[in-house]
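The chain contents come next:
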Amino acid sequence: MGDPVQLKDEGNKFFQAGDVDKAIESYTKAIKECKDKKMLAVIYRNRSACYLKKENYSSAATDATKAIDVDAADIKALYRRCQALEKLGKSDLAFKDVQRCATIEPKNKTFLETLRRLGADIQAKLKTSFSTDSRVKNMFDILLDEEMETDKKEKAANNLIVLSREDAGAERIFENNGVPLLLNMIETGKQEMILAAVRTLSGMCTGHKARAMAIVHIVSVEKLCSIMAVDNEELSRATCNLLQCVYDSLTGEDKREYGKEEALVLDASKLLKTILMSLLEMVASSKVSGHGRDQALNLLSKNVPRKTKKERDHSRTLFTIDHGLKKILKVCGQIPDLPNQLPMTENTQLIASILLNKLYDDLQCDPERTNYKEICDDYIKAKIDPNDMDKTIHAINVISGLLQGPFDVGNGLVGRQGIMEMMVALCGSDRDVDQMVAVEALIHASSKMSRAGFIITNGVSLLKDIYKKTKNEKIKIRALVGLCKLGSAGGDDYALRQFAEGSTEKLAKQCRKWLCNPQLDTKTRKWAIEGLAYLTNDADVKDDFVEDELSLKAMFELAKSQDKTILYSVAATLVNCANAYDKKDILPELVQLAKFSKQHVPEQHPKDKKDFVEKRVKRLLKAGITSALSVMVKADNSILTDQTKEMMARVFLALSEDPIDRGTIVAHGGGKALIPLALEGTEAGKVKAGHVIARIAAISNPEIAFPGERVYEIVRPLVNLLSTDKEGVQNFDALRGLTNLAGFSEKLRVKIVKEKALPEIENYMFEENERIQQAACECMCNLVSCKEVQDRYLQDGNDKLKLLVLLCGEEEEKLQIAASGALAMLTAAQKKLCKKMTLVTTQWLEILQRLCLNTHPDIQHRGIVIVYNMLNSDDMELSKKLMESELLEILSVVGKAEDNPRRQGAINAARECLITSMDLGLIKPFADGS
């Protein structure tokens, strides 16, 4: 073995003599033999110089880095790495190294010259990389070249879109005449070119008020609306997204400070009004495609009503009602079977009904609601004409739309003299279309028990007659749904059946038959599910339906179709099948009292008992319910109403009741689907979806259940469940879910802390319920490695540390494991806490001794680790106190024990404590007299 110093000197001589290869050989041998870090750094630095000479720049940079790792201010190593990095084309990294060199030796001319040269080189590269010629113009040249290959055009289009999503890239496109060039792409009339241009404009408009205004003025609102109006769903949706980006930027989503530029941005209200008016014009225009109309209604639905009732300004809603309510009503009244109707998709009329409901719900006072109702009333009056049945059925269809939207308004119109009679009379018309519209109106009008009672008296025989006589399947199925709805007016109350025994089962059987008939169109089959949504209130019906796997799969396939008007009915049917509705427990004493006073008492069907429900849930899972729900969640936000989201959350909650099934839910995409349900919708729906997420997060690998960045999105729903107004089981599952997340990564721990979960978790550590208290302690045990959590325990004036110490003395093993684990981690991370824990309670030493004597190996190990941390806390007095107590004897006994795999952690920790005590001079090693 050679002497590293001698080998280093030998290498130096070879280098000075110009024999670089032999110098490298000597330095390499020296590196293998050298143990001194400082000398090793010098040798690496010298070998780096050799590699520079050999033009082996990668090895030169690596060796220089190893020298810098030892001494960050090693100026020779820094400059050699700078030279190597420059040769490797990494000018930016080389610039940083020479910048450090110049900071250390500011008068060194070599460093200053290199700094200037590299700075100029970087600027030149930036200018080249972001110049019009190299990037933006090149992309446009490719896109606008008629003879260019398709794959190159697609790549250029994607590059342009990606570039526009970064603020610097968007600004670069804008500054280099990009908007007129994008307009040229739009003018080509080619779908893929228009789509690329629209998506690029979306990126450029996102989060930048000034740029968004400028782009809209150049392109024009009229042009954007004309693109959205085309009969192409993808293009309509992309343009809708562009207008939404513009709207968000103009209404304050853009938070940037503009300074002097703010004067140029001016007030966006005029442009916003222009957009609003253009959208309202699109709603009732015959030149707009069905997809374009859907997107116009979606934009109005999303941006006109206030997002929260705390906002006082609802002028957009009032403006829309004054200038556009009749246009929206016109859409609701369209009858596709008649000529000269507006182009529509299967979803258009439902989206219009939802918008009508949101507008009505946004009104603040009775005069505003009265005005809304009067506009609707005037519209209906103007359309009803006994001599023109087409106008009359248009009016009835409008009422149907209102009944699906603001029910009170529609209900009020149905109650007007002659309307209900006209609906009943139309059922007897010779024209199929009259019967169809009338039956649908009757179905929607019977949504309340009072109306259902009227129609049971006056319309059931008529519906039965239509069902028996008509040969038109579309009318037949609607008449059947009317009968289904009336038959289920008593809900799931077994004692309030409207029809004779077995009638509902027969109706359901016919619905299932239609549902499974692939020869029928989607819209007709949709009504079969509508019927089942009512009939499955009956436990016999839901049990039969869930047994019929073909019917279930047919319903799930329809739920995945383009017609999204079906979603509410599917969700309602699933809620019934899984008994996922809220049921209040009725005290037996109250039942007896009600019977004695001859009051009606709701009765539970025998097949609605727990074991039947569990079997139905298993069958639903087997038939593929999770994948269907996952697709349903992706539906357009306007169609997927808050009520539908809540029902889906309820179904997920029922499906996740058995822990065994939670893996199935995750495997079929349920984890991803639950996140939007937990973040948007009704409060009850968000809580239930959050509870399912908590159940899954508690027992699953979060990276698999909620892949990618989604895992960070689930923290907030879980923290929301910690609120004291939530149920105990929700608190418990949320704590277990957070425990699993906190044990997974530091980033997740930080996220949990940022969501302000700590105060809630700490409160539950005082909880009387043992399971909740234990879950809170386990969660805290996984969080204490986070610096902010440690700081809370270091603060004076609270009982956080005292509680943790006292919990270590509890009898419950799992509670002890969690509390002692947290204390072990805290005392290891923060030495000050070792002293502090002796001050918070006089029982600390007794508790510590009990931990070290515990028969449970995990508890004993944690206790001895705490002792070890205290011995290493640099507090001699504390160390003496520990060794003067019975702890010394306990540690000696544990440390001298024979190796035992089950208790090896505690044994090793005890031995470390004894060695540390000897090092501190607190105890002396036992001397063998022989």
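As the structure is a computational prediction, the values presented were derived from the model and not from experiment. Residues take numbers from 1 onward in each chain, read along the sequence in its written order. In view of the model being predicted, local features appear only for residues whose pLDDT reaches at least 70, and side-chain atom pairs are presented and counted only at 80 or more, with totals across whole chains, interfaces and linings using the full set of residues. For side-chain calculations, the full set of non-hydrogen atoms in the structure is used, while hydrogens and water are omitted.

Here we look at the overall build of the chain
Thinking step 1. Counting from the N terminus, the helices are the DSSP runs of H or I reaching at least four residues and the strands are the DSSP runs of E reaching at least two. Check the secondary structure of the chain and you find 56 helices and 0 strands.
Thinking step 2. Here the C-alpha radius of gyration of the chain, 37 Å, is well above what a compact globule of 930 residues would show, namely 30 Å.
Thinking step 3. Over its C-alpha atoms, taken along the principal directions, the chain stretches across nearly 115 × 80 × 50 Å.
Thinking step 4. Burial classes follow relative accessibility: with a 1.4 Å probe on protein chains only, a residue under 20% of its type's maximum area counts as buried, one over 50% as exposed, and anything between as partly exposed. Put simply, the chain has 930 residues, and 53% of those count as buried.
Thinking step 5. Here a residue-residue contact requires only that any non-hydrogen atoms of the pair lie within 4.5 Å. A sequence separation of at least 24 residues applies to 68% of the contacts in the chain between residues at least 6 apart.
Thinking step 6. Values of accessible area rely on a 1.4 Å probe in the Shrake-Rupley scheme; residue burial ignores everything except the protein chains shown. Carbon and sulfur atoms form 50% of the exposed surface of the chain, whose accessible area is close to 44900 Å².
Thinking step 7. When charges are counted, Lys and Arg contribute as positive and Asp and Glu as negative, whereas His and the chain ends are disregarded. A charged residue contributes its charge at one atom only: NZ of Lys, CZ of Arg, CG of Asp or CD of Glu. Mean positive and mean negative side-chain charge positions of the chain (134 and 134 charges, respectively) differ by 2 Å. The quantity called the radius of gyration is restricted to C-alpha atoms. Its globule counterpart is 2.2 Å times the number of residues to the power 0.38.

Description of the packing of helix α52 (residues 844–853) against helix α54 (residues 876–883)
Thinking step 1. It is the contact of α52 with α54, at a shortest axis distance of 12 Å, that shows an interaxial angle of 60°. Taken as axis vectors, α52 and α54 run oblique relative to one another. Taken as a pair, α52 and α54 cross one another with a handedness that is right-handed. Contacts from Trp844, Leu845 and Leu848 in α52 reach Leu878, Lys881 and Leu882 in α54. Whenever a helix is involved, its axis is fitted only over the stretch in contact; in every case the axis is a line through C-alpha atoms, and angles between N-to-C directions fall within 0 to 180 degrees. Angle categories: roughly parallel below 35 degrees, roughly antiparallel above 145, roughly perpendicular from 65 to 115, and oblique for all the rest. Take the far helix as your reference; a near helix turned counterclockwise from it by less than a right angle gives a left-handed crossing, and one turned clockwise gives a right-handed crossing.

Observations concerning the packing of aromatic side chains
The description of two aromatic rings rests on the distance between their centres and on the angle between their planes.
Thinking step 1. When two rings of Phe, Tyr or Trp (its six-membered ring) have centres within 6.5 Å they constitute a pair, described as stacked for plane angles under 30 degrees, edge-to-face for angles over 60, and tilted for the intermediate range. One pass over the full model with this rule turns up 2 aromatic pairs.
Thinking step 2. Considering the side-chain rings of Tyr79 and Phe111, the 5.2 Å spacing of their centres and the 45° angle between planes classify their relative orientation as tilted. Taken together, the residues span a long stretch of sequence, with Tyr79 in helix α5 (residues 75–87) and Phe111 in helix α7 (residues 109–129) at a distance of 32 residues.
Thinking step 3. Two conditions define a charge located above a ring, namely a distance within 6 Å from the ring centre to NZ of Lys or CZ of Arg, and an angle within 35 degrees of the ring normal. When the ring centre of Phe612 is taken as reference, the NZ or CZ atom of Lys615 above it lies at 5.9 Å.

Re the confidence of the model for the chain
Thinking step 1. Values of pLDDT, the confidence the predictor places in each residue, fall between 0 and 100. Within the chain, residue pLDDT values average 85, and 91% of them lie at 70 or more.
Thinking step 2. Confidence over residues 256–265 falls short of pLDDT 50; this stretch has 11 contacts with residues more than four positions distant or in other chains.
Thinking step 3. Here residues 490–498 scores under 50 on pLDDT; set against residues more than four positions off or in separate chains, the count is 25 contacts.

Structural notes on the pattern of salt bridges
Thinking step 1. The working definition used for a salt bridge is a side-chain nitrogen of Lys or Arg within 4 Å of a carboxyl oxygen of Asp or Glu. Tallying each qualifying case throughout the model produces 46 salt bridges.
Thinking step 2. Across the salt bridge formed by Glu113 and Arg116, the nearest N and O atoms sit 2.8 Å from each other. With Glu113 and Arg116 both in helix α7 and 3 residues apart, this pair spans about one turn of that helix.
Thinking step 3. Residue Glu113 is classed as partly exposed on the basis of its relative accessible area, which comes to 40%.
Thinking step 4. Overlapping salt bridges, with partners in common, bring together Glu657, Arg695, Asp733 and Arg736 in one network.

So, the side chain of Arg695
Thinking step 1. Topologically, Arg695 is positioned in helix α40 (residues 683–699).
Thinking step 2. Arg695 sits in the buried class, given a relative accessible area of 7%.
Thinking step 3. Not counting chain neighbours up to four residues away, the residues in contact with Arg695 comprise Leu653, Ser656, Glu657, Arg662 and Asp733.

As for the nonpolar core
Thinking step 1. Tyr372, Tyr793 and Leu882 are the most contacted members of the largest nonpolar core, which totals 269 residues.
Thinking step 2. Other than its neighbours up to four places away in sequence, Tyr372 contacts Ile321, Leu325, Leu356, Leu359, Tyr360, Leu363, Pro406 and Val409. Grouping buried Ala, Val, Leu, Ile, Met, Phe, Trp, Tyr and Cys residues that are joined through side-chain atoms within 4.5 Å yields what is termed a nonpolar core.

Some remarks on the packing of helix α31 (residues 539–547) against helix α33 (residues 567–577)
Thinking step 1. Following both chains from N to C, one finds α31 and α33 inclined at 105°, their axes separated by 9 Å at the closest point. Accordingly, the angle class assigned to the pair α31 and α33 is roughly perpendicular. Together, Lys542, Phe545 and Val546 of α31 and Thr573, Asn576 and Cys577 of α33 make up the contact between the two elements.
Thinking step 2. All amino acids are sorted into three groups, where Ala, Val, Leu, Ile, Met, Phe, Trp, Tyr, Cys and Pro are nonpolar, Asp, Glu, Lys and Arg are charged, and the leftover types, Gly among them, are polar. Here the contact of α31 with α33 is composed, by residue class, of 3 nonpolar, 2 polar and 1 charged.

Observations concerning the environment of Lys751
Thinking step 1. Along the chain, the position of Lys751 falls in helix α45 (residues 746–754).
Thinking step 2. Measuring from C-alpha to C-alpha, the distance between Lys751 and Cys245 comes to 28 Å, with 506 residues separating the pair along the chain.
Thinking step 3. In contact with Lys751, other than residues within four places in its own chain, are Tyr712 and Val715.

Considerations on unusual backbone geometry
Thinking step 1. The phi angle at Glu55 is positive, at roughly 65°, despite the residue not being glycine.
Thinking step 2. Looking at the element boundaries, Glu55 is found in the loop between α3 (37–53) and α4 (57–70).
Thinking step 3. A relative accessible area of 57% places Glu55 in the exposed class.
Thinking step 4. Positioned with a positive phi, Lys756 is a non-glycine residue whose angle comes to about 60°.

Some thoughts on the environment of Glu505
Thinking step 1. Its location among the elements puts Glu505 in helix α29 (residues 503–515).
Thinking step 2. For the pair Glu505 and Asp540, spaced 35 residues apart in sequence, the C-alpha to C-alpha distance is 7.1 Å.
Thinking step 3. If we ignore the near neighbours within four places in the chain, the residues touching Glu505 are Asp540, Val541 and Asp544.

Side note on α3
Thinking step 1. With 17 residues, α3 ought to run about 24 Å at 1.5 Å a step, and its terminal C-alpha atoms sit 25 Å apart, in line with that.
Thinking step 2. Buried residues of α3: Ala41, Ile43, Tyr44, Arg45, Asn46, Arg47, Ser48, Ala49, Cys50, Tyr51 and Leu52, and no others.
Thinking step 3. Taken together, the buried residues of α3 touch α1 (4–16), α2 (20–33), α4 and α5.
Thinking step 4. Any N or O atom pair separated by 3.5 Å or less is treated as a polar contact, with the protein-specific requirement of one donor-capable and one acceptor-capable atom, and with residues adjacent in sequence counted only for side-chain atom pairs. Measuring from the backbone nitrogen of Lys38 back to the side-chain oxygen at the start of α3 gives 3.1 Å, which picks out Asp36 as the cap.
Thinking step 5. Phi turns positive one or two residues past the end of α3, at Glu55, with a value near 65°. Here the expected length of a helix is defined as 1.5 Å per residue gap, with one fewer gap than residues.

Here we look at a negative patch on the surface
Thinking step 1. Distance thresholds for patches are 9 Å for like charges and 5 Å for nonpolar side chains (Val, Leu, Ile, Met, Phe, Trp, Tyr), applied to residues having over 30% relative accessible area and no salt bridge. A surface patch of like charges, here negative, comprises Glu149, Asp151, Glu154 and Glu192.
Thinking step 2. One can find Glu149 in the loop between α8 (132–143) and α9 (150–164).
Thinking step 3. Overall, the relative accessible area of 46% leaves Glu149 in the partly exposed class.

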